[in-house]
2 protein chains.
Amino acid sequence: MSVRQSALLALADDSPDLWDAGFGEVAKRLLTAGVRCFASTGFHATTTRDITKAAALSPAALYVHFASKEDVLFEITRSGHRRVLEVVRSTEDADDPSVYLKALVARFVAWHARHHVAARVSQYELSALTAEHYEVIAGLRQQTTAVFEAAIQWGVEQRAFGVVDAHRLVRAILSLGVDLVRWYRLDGADSPDQLGGFYAELALGMVAAATSAEAT
Amino acid sequence: MSVRQSALLALADDSPDLWDAGFGEVAKRLLTAGVRCFASTGFHATTTRDITKAAALSPAALYVHFASKEDVLFEITRSGHRRVLEVVRSTEDADDPSVYLKALVARFVAWHARHHVAARVSQYELSALTAEHYEVIAGLRQQTTAVFEAAIQWGVEQRAFGVVDAHRLVRAILSLGVDLVRWYRLDGADSPDQLGGFYAELALGMVAAATSAEAT
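Residues numbered from 1 in each chain as written. Chains lettered and ligands numbered in written order. Predicted model: local features only at pLDDT ≥ 70, side-chain atom pairs only at ≥ 80, totals over all residues. Heavy atoms only, no water.

### Focus on the packing of aromatic side chains
All names here are of chain A.
Next, step 1: Within the structure shown, the criterion is met by 13 aromatic pairs over all chains.
Next, step 2: Ring centres of Y100 and W154 lie 6.1 Å apart, and the angle between their planes is 80°; this geometry places the pair in the edge-to-face category. In this pair, Y100 sits in helix α6 (residues 97-114) while W154 sits in helix α8 (residues 131-157), placing the two residues 54 residues apart along the sequence.
Next, step 3: On the basis of relative accessibility, which here comes to 14%, the residue Y100 falls in the buried class. (Phe/Tyr/Trp six-rings, centres within 6.5 Å; stacked < 30°, edge-to-face > 60°. Helix = DSSP H or I, 4+ residues; strand = E, 2+ residues; numbered from the N terminus. Buried < 20%, exposed > 50% of the residue type's maximum accessible area, 1.4 Å probe, protein only.)

Following this line, the structure appears as structure tokens:
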């Protein structure tokens, strides 16, 4: 591992609360170790032994809790996508579509910043999942996207926003949150909440600009 | 390789013009094969033999042209980052800062859409580079970022844009172009130029919104 990677992972958030409550302590340690291994050398070059070693467990321990290395990736990815869906679904209602959209974006962005290492694995290793597991994740992603698209549609109906292509616009807004997992560092200038607040303002600007883009 | 990955790579742009003119035909074939291998299984799990096989060459052929597997990744990444810098630097001057910024964003986004597979390798495998090679790429990235930051600063000086933190804003605008390499498909709804035009409008909206975010 390079000095740069070690420094990056040293700043990673371990967050046992990332994982579903149904997992025991040992399984959570394996998931956290899996995040660190996949984030530093990629899914394909990581062995189950790398994961058990990083979790300070015997090589056979992994198979007590997971069917395979791919199953570890699936549970990391499923947990991450479930947490994101919970975060956007639990966003407080608002009377004003702009206020609601800003809250959604701020929470989505702050979550990705706070959990950027686990989120990076969840976003960049999707192609290593089996077709069945990928379908589960794709379903969770569609539900998250649907919350944002409904927020935009509501704003259009309320005439708070102009007429826009919600699908195309939401994809761009979500890019702000997803792409930060590539470069965000917890010791950088913006805290997760500060970045969330800034990107929430940018998202409103994108809604206004998309309206004029559609009109041309 | 999964059916999904095969379908994705079948749509990849081979683009021999991605590579620096100094490379001969065989070296270009190896670089193109490297992109496909790294994109499908990641840098760490790819062997030099995988690359020569994908290029239909003998296993030893790689070392005639490159020092190592890491050197193949470096040349892919350097070529990609050089092309991006050329694309933004050759953007036509304009009298209006908004027109100029839109042209910059449109060209940056369209390039990443057109070359999304090579761009994905260039963006997501940076941590596998040696420290020396990483420095070279970081320098190219800084030069590209500087073009965008100068465009924003010029707009602020001309009072076409309000007062904004150019560094923070440019990072968000570049996320639109970079993140699309994760999901863009050449057979999707938007051509590279259409997506570039749409994101150029969104970027102007982000500039306007960043002004109000700074003011609060």
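### Concerning the relation of the copies chain B and chain A
Next, step 1: Take chain B, turn it by 180°, move it 0.0 Å along the axis, and it overlays chain A with an RMSD of 0.0 Å. When the rotation and shift are considered jointly, the pair of chain copies conforms to a two-fold rotation axis.
Next, step 2: A symmetric contact is evident, with 100% of the interface residues of chain B recurring at the interface of chain A. (Least-squares fit on C-alpha atoms with pLDDT ≥ 70 in both. Contact = heavy atoms within 4.5 Å.)

### Topic: unusual backbone geometry
Next, step 1: The phi dihedral of A56 of chain A is positive, around 60°, even though this residue is not glycine.
Next, step 2: You can see A56 of chain A is positioned in the loop between α3 (48-54) and α4 (62-65).
Next, step 3: A positive phi angle, close to 60°, is found at R159 of chain B, a residue other than glycine.
Next, step 4: Mapped onto the elements of the fold, R159 of chain B is located in the loop between α8 (131-157) and α9 (166-183).
Next, step 5: With relative accessibility at 77%, the residue R159 of chain B sits in the exposed group.

### What about helix α6 (residues 97-114) of chain B?
Residues and elements named next belong to chain B.
Next, step 1: Its 18 residues give α6 an end-to-end C-alpha distance of 26 Å, which sits within 8% of 26 Å, the value for a rise of 1.5 Å per residue.
Next, step 2: For α6, the set of buried residues is P97, S98, Y100, L101, L104, V105, F108, V109, A110, W111, H112 and A113.
Next, step 3: The backbone nitrogen of S98 has a side-chain oxygen 2.8 Å away, supplied by the residue at the start of α6, namely D96. (Expected span 1.5 Å × (residues − 1). Polar contact = N/O pair within 3.5 Å; in protein donor to acceptor, adjacent residues only side chain to side chain.)

### What to know about the side chain of R182 of chain A
Next, step 1: Structurally, R182 of chain A can be placed in helix α9 (residues 166-183).
Next, step 2: Here the side chain of R182 of chain A touches D179 of chain A through a polar contact of 2.8 Å, side chain to side chain.
Next, step 3: Of note is the side chain of R182 of chain A, whose polar atom sits 3.4 Å from the side chain of Q123 of chain B.
Next, step 4: Excluding residues within four positions of it along the chain, R182 of chain A makes contact with R120 and Y124 of chain A together with Q123, Y124, R141 and V178 of chain B.

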